[in-house]
Amino acid sequence: MTKKEWPLYEVFIRSKQGLSHKHVGSLRAADETMAVENARDVYTRRSEGVSIWVVESKNIFASDPSEADSLFEPADSKVYRHPTFYDVPDGISHM
Amino acid sequence: MTKEEALFKYTLRLGDDALIVSQRLSEWCGHGPILEEDIALTNIALDLVGQATVLLEYAAKVEGKDRSADDLAYLRYERDYTNLLLCEQPNGDFGATIVRQFLFSAYQQFMYAALTKSSDEQLAAIAEKSLKEVKYHVKHSAEWVIRLGDGTEESHQRVQASLNDLWRFSQEIFFEDEVNQTLIEAGIITSLEDLRADWEGLVKRVVEEATLTLPETKWQLDGGRKGLHSEHLGYLLAEMQYMQRAYPGMEW
């Protein structure tokens, strides 16, 4: 008998209204419906969320780690892209 | 039978059902077929032990004999438990556990839905809270019945065998006696007969979608409500009651 593994799903949870879904981990499930149920049981049992997204891991196309120096390093020398040269007026919090 | 006696016995039945199924499900802890399902089954077990706690607390209060919910849960003898025979049946394979859960949760869902309109405020409140949990139990177990039934040849054959095996315990759900009659007359509960069509409709729909067949057999067992149990309950209680029997009054 061949042992077939269920597909792997990535799980995204929105912790409350107004926030975005965040990746929390992955799990295996027979299909999408069961993946949502499994995610509910594994990742929201301590009231962590109000909404769940699942996507089969194979559908995620990722950047290549070996290209990291050409993809990300050039940004390191562009400090002017951070809005750190502005004076924040008094009374503005949460910036 | 006075209304109070009937209310005690009825609440005890609901509490015993939840307690015994919960104990069975908790046997899966660490043994689930996959991590996700291990957590799912024990989550359901936790929901049910929570329901058992509030139901037995209320039963103890109604009885008024200075017994606590723990006394009722841990210090009664086998013949004093009034859970459905279905609830105490062994876990078997995962498919058998799922079929047992589906048949039972489907009943709980319609029973609690009716009970939310009870004139007994405490029971209505317990029903309303529990109903939310049970709706998920029904959804989860039904999804699994469908996937196992309409899955591989082996899963189909196994889950059909479990359905054939457990079906003879299903009609006990609708067993009624003086306890029910007294509470129906007092306007506290409705007749279980009123739930039968809904329960059968849901079971048929899921069983058909799962490409399974409902057993033709008319042979049905009862006795649980009267304390007459299958051989399995004694072993279950021996394990469940061990700590309180060996170390009376212990807490942790």
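Bear in mind that the values here come from a model prediction, so they are computed numbers and not experimental data.

## Regarding the overall build of chain A
Stage number 1. Along the backbone of chain A there are 3 helices and 3 strands.
Stage number 2. Radius of gyration (C-alpha) of chain A: 20 Å, far over the 12 Å computed for a compact globule of 95 residues.
Stage number 3. Along the three orthogonal principal directions, the C-alpha set of chain A runs to about 65 × 40 × 15 Å.
Stage number 4. Burial analysis of chain A (95 residues in total) assigns 21% to the buried set.
Stage number 5. Considering only intrachain contacts with a sequence separation of at least 6, the fraction spanning at least 24 residues in chain A is 42%.
Stage number 6. With an accessible surface of roughly 7700 Å², chain A has 54% of that area assigned to carbon and sulfur atoms.

## A word on the packing of helix α1 (residues 3-26) of chain B against helix α5 (residues 94-115) of chain B
Residues and elements named next belong to chain B.
Stage number 1. Interhelical geometry of α1 versus α5 gives an angle of 150° and a closest axis separation of 12 Å. Relative to α5, the element α1 lies roughly antiparallel. Considering how the two elements wind past one another, α1 and α5 form a crossing that is left-handed. Each of Tyr 10, Leu 14, Asp 17, Ala 18, Val 21, Arg 24 and Leu 25 in α1 lies in contact with α5, whose residues at this interface are Thr 97, Arg 100, Gln 101, Phe 104, Tyr 107, Gln 108, Met 111 and Leu 115.
Stage number 2. Counted by class, the contact of α1 with α5 contains 9 nonpolar, 3 polar and 3 charged residues.

What counts and what doesn't
- Residues numbered from 1 in each chain as written.
- Chains lettered and ligands numbered in written order.
- Predicted model: local features only at pLDDT ≥ 70, side-chain atom pairs only at ≥ 80, totals over all residues.
- Heavy atoms only, no water.
- Helix = DSSP H or I, 4+ residues; strand = E, 2+ residues; numbered from the N terminus.
- Rg over C-alpha atoms; globule rule 2.2 N^0.38 Å.
- Buried < 20%, exposed > 50% of the residue type's maximum accessible area, 1.4 Å probe, protein only.
- Contact = heavy atoms within 4.5 Å.
- Areas by Shrake-Rupley, 256 points an atom, 1.4 Å probe, with all protein chains shown as cover.
- Axes fitted to C-alpha atoms, helices over the stretch in contact; angles between N-to-C directions.
- Parallel < 35°, antiparallel > 145°, perpendicular 65-115°, else oblique.
- Left-handed = near helix turned anticlockwise from the far one by under 90°.
- Nonpolar A, V, L, I, M, F, W, Y, C, P; charged D, E, K, R; others polar.

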